[in-house]
Amino acid sequence: MPEIRHTPQAPTSTRPLAPGEVIGAHRHDDHQIVYAGSGVLAVTTDEGTWFAPGTRAIWVPAGCVHAHRAHGRLDLHLLGLPADTNPLRLDAPTVLAVSPLLRELILAYTRGPLTDTPERRRLREVLLDQLRASPQQPVHLPTPSDPRLTAVCALLHADPSDSRTLAQLGTATGAAERTLSRLFRRELGMTFPQWRTQLRLYHALRLLADDMPVTTVAHHCGWSSPSAFIDVFHRAFGYTPGAHRTSAVPGTMIT
């Protein structure tokens, strides 16, 4: 089992990551906000993967073991907060909506200078106020533990375009449809169609970050047509996959 690195203080900094670059499993005694203004960031824990394009940030609570992966080139903005500073009272990883104002505050606060000044303390208070008003977003791909559910999810991870029904997938893995349906709700907190949509969105974000054409992404991830993909993507993230692919996402900037 890989060693889990312990860094007591969560850093506040900006770090460039190359496509596919990984920051291995680690934990902090502080809370941390993780934001990527371009590309797609994935934060993985034992419970699943949280993923965020440029209009989202990820809250990582104190003590949570997590790893980062970059999809596409990104500048990773890390903002550490003491364990007694929890503006949203969150005790689990959570994806947060990032408004244009919150984005600028995160960029300014993580780029420094990092010296403690009255101006910087005021900036931090405004940032915390904006965090309190930030809506939570269901951009999470939970990880199953039951072996029957794991087998089904592995098939779809390997091929997100797989269009088989839950009954057909159950036949392929030796599990009853009713059992699998119950496991999806109990273990993952969502229905099978909801989980498959989250999986396809996750893979779509990764492929778009690698500059794959929208039509190809739609086909690869199992949508019946590019227009169906665009509709689901827009409802999930508030902008089109074409805007994401060209880095023209509202509130983001390539640096």
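Being a predicted model, the structure only gives us computed values, none of them experimental.

> Hey, could you run me through the packing of aromatic side chains in this one?
How two aromatic rings sit relative to each other is set out by the distance from centre to centre and by the angle between their planes. Taken as a whole, this structure holds six aromatic pairs when the rule is applied. In this structure an aromatic cluster arises from ring pairing among Trp 223, Phe 229, Phe 233 and Phe 237. Here Arg 120 stacks its cationic end above the ring of Tyr 109, 3.7 Å away from the centre of that ring.

> Just to check I follow, could you spell out the pattern of salt bridges for this structure?
Opposite charge on two side chains permits them to pair, given that their charged atoms come into close proximity. Enumeration according to the criterion identifies 11 salt bridges in this entry. Note that Asp 29 is salt-bridged to Arg 27, the shortest N-O span being 4.0 Å. Among the residues examined, Asp 29 registers a relative accessible area of 37% and is labelled partly exposed. Taking relative accessible area as the criterion, Arg 27 reaches 30% and is therefore assigned partly exposed. Where Arg 132 meets Asp 129, a salt bridge forms, and the shortest distance between an N and an O atom there is 2.7 Å. Taken together, the residues Arg 132 and Asp 129, both in helix α2 (residues 118–132) and three residues apart, mark about one turn of the helix. Given the relative accessible area of 45%, Arg 132 is considered partly exposed. Owing to a relative accessible area of 45%, Asp 129 belongs among the partly exposed residues under this scheme.

> Explain the side chain of His 66 to me, please; I cannot follow it from the model alone.
Position of His 66 among the secondary structure elements: in strand β8 (residues 66–71). Take His 66: its relative accessible area is 1%, and that puts it in the buried class. Within polar-contact distance, the side chain of His 66 engages the backbone oxygen of Cys 64 at 2.8 Å. Sequence-distant contacts of His 66, that is, excluding residues within four places in its chain, are made with Gly 24, Ala 25, His 26, Arg 27, His 28, Gln 32, Val 43, Thr 44, Thr 45 and Val 60.

> Please explain the nonpolar core as it appears in this structure.
Grouped burial of nonpolar side chains is what soluble globular proteins tend to show. Phe 184, Trp 195 and Phe 229 are the most contacted members of the largest nonpolar core, which has 53 residues in total. The element that contributes the greatest number of residues to this core is helix α6 (residues 192–209), accounting for nine residues. Here Trp 195 is in contact with Leu 141, Pro 142, Cys 153, Leu 156, His 157, Phe 184, Leu 188 and Met 190, once residues within four sequence places are set aside. Counting residues in hydrophobic clusters, the runner-up holds 18 residues, among them Tyr 35, Leu 90, Leu 96 and Leu 127.

> Sorry, what's going on with unusual backbone geometry here?
Among all residues save glycine, negative phi is the norm, and among peptide bonds the norm is trans. Even without a glycine there, the phi angle at Arg 89 is positive, about 55 degrees. Relative to the elements of secondary structure, Arg 89 occurs in the loop between β9 (74–81) and β10 (94–97). Overall, Arg 89 belongs to the exposed group, its relative accessible area being 78%. Phi is positive for Asp 211, close to 70 degrees, though the residue is something other than glycine. Relative to the helices and strands, Asp 211 resides in the loop between α6 and α7 (214–220). Note on Asp 211: relative accessible area 47%, which makes it partly exposed.

Conventions adopted
- Residues numbered from 1 in each chain as written.
- Predicted model: local features only at pLDDT ≥ 70, side-chain atom pairs only at ≥ 80, totals over all residues.
- Heavy atoms only, no water.
- Phe/Tyr/Trp six-rings, centres within 6.5 Å; stacked < 30°, edge-to-face > 60°.
- Lys NZ or Arg CZ within 6 Å of the ring centre and 35° of its normal.
- Salt bridge = Lys/Arg side-chain N within 4 Å of Asp/Glu carboxyl O.
- Buried < 20%, exposed > 50% of the residue type's maximum accessible area, 1.4 Å probe, protein only.
- Helix = DSSP H or I, 4+ residues; strand = E, 2+ residues; numbered from the N terminus.
- Polar contact = N/O pair within 3.5 Å; in protein donor to acceptor, adjacent residues only side chain to side chain.
- Contact = heavy atoms within 4.5 Å.
- Core = buried A, V, L, I, M, F, W, Y, C linked by side-chain atoms within 4.5 Å.

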